[in-house]
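# Topology and contacts: notes
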Amino acid sequence: MSKRVIITGSTGMIGGLVLKLCLESNDISEVVALVRRAGNINHSKYKEVVVTDFLDYTNHQQYFKEIEIIFYCLGAYTGTVPAEEFRVINYDYPLSLAKAIREKSPNATFCLLSGQGADRTEKSTMQFARDKGAIENALSSLYFKAFYSFRPGYIYPTKKRKEPNFFYTLSRFLYPILKLMGNNLSITDHQLANAMFTVGINGYSNEVLENKDMRMFQL
């Protein structure tokens, strides 16, 4: 039976690849993309919903019925926004959406694009680790049909892009060395997107997937 999917962050590097996989898959009947502004995608499976407030879905409840998978790929890079805003984007946004969808589709599977080092004790000195650990805890406790957290290390973009900060510029330059240092430090954008999509469709034995786990999924 074909599945209805919700995706956020579909204009980003990973979200865009997950969206492409969804539109190409016979397992997906409809993709509802929650976006900040209208785009130019034209596809029979694709429905675009412009959201003005990612903390309030009162006017969007009709889109959340019979949803089977949520691919949550929206987030902010460390250092690109102030600390308070970083928390709102990486914690409050996904939790608000999850609660709204769970009211209509409690049997959905929630796939979160998290990050390596997410700390579920929420005691790390690094805000990124605390906030990612906190949202993992919060989403896991909502008791969807399934919740999966994907924790990539450095994500290597297979297509050249404008890097968000100096760390990513340096990491791209050092990627051949990172790759030689083992499977835990890095992953390509396609490997990550393939893992999210495949686990969303088929499930997985563990709630948390690290780089070494995600590298196993190839379409």
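This section reports on the structure supplied with the text.

With that settled, the discussion passes to unusual backbone geometry. Positive phi, normally seen in glycine, also occurs at Glu66, with a value near 55°. You can see Glu66 is positioned in the loop between β3 (46–50) and β4 (69–72). For Glu66, a relative accessible area of 64% translates into the label exposed. Unusually for a residue other than glycine, Glu122 sits at a positive phi of about 60°. Looking at where Glu122 falls in the secondary structure, it is placed in the loop between β5 (109–113) and α3 (127–140). In this structure Glu122 comes out as partly exposed when scored by relative accessible area, which is 37%.

Quick look at the pairing of β5 now. Counting buried residues in β5 gives 5 out of 5 residues, a clear majority hidden from the surface. Burial along β5 is two-sided: the residues Thr109, Cys111 and Leu113 and Phe110 and Leu112 are all buried. One ladder, built from 4 bridges, connects β4 with β5; its direction is parallel. Paired with Phe71 across the two strands is Cys111, which belongs to β5. Between the parallel elements β5 and strand β6 (residues 146–151), the chain passes through α3 in a crossover that is right-handed.

Thresholds applied
Residues numbered from 1 in each chain as written. Predicted model: local features only at pLDDT ≥ 70, side-chain atom pairs only at ≥ 80, totals over all residues. Heavy atoms only, no water. Helix = DSSP H or I, 4+ residues; strand = E, 2+ residues; numbered from the N terminus. Buried < 20%, exposed > 50% of the residue type's maximum accessible area, 1.4 Å probe, protein only. Pairing = 2+ DSSP bridges. Right-handed = clockwise from strand over helix to strand, strands pointing away.

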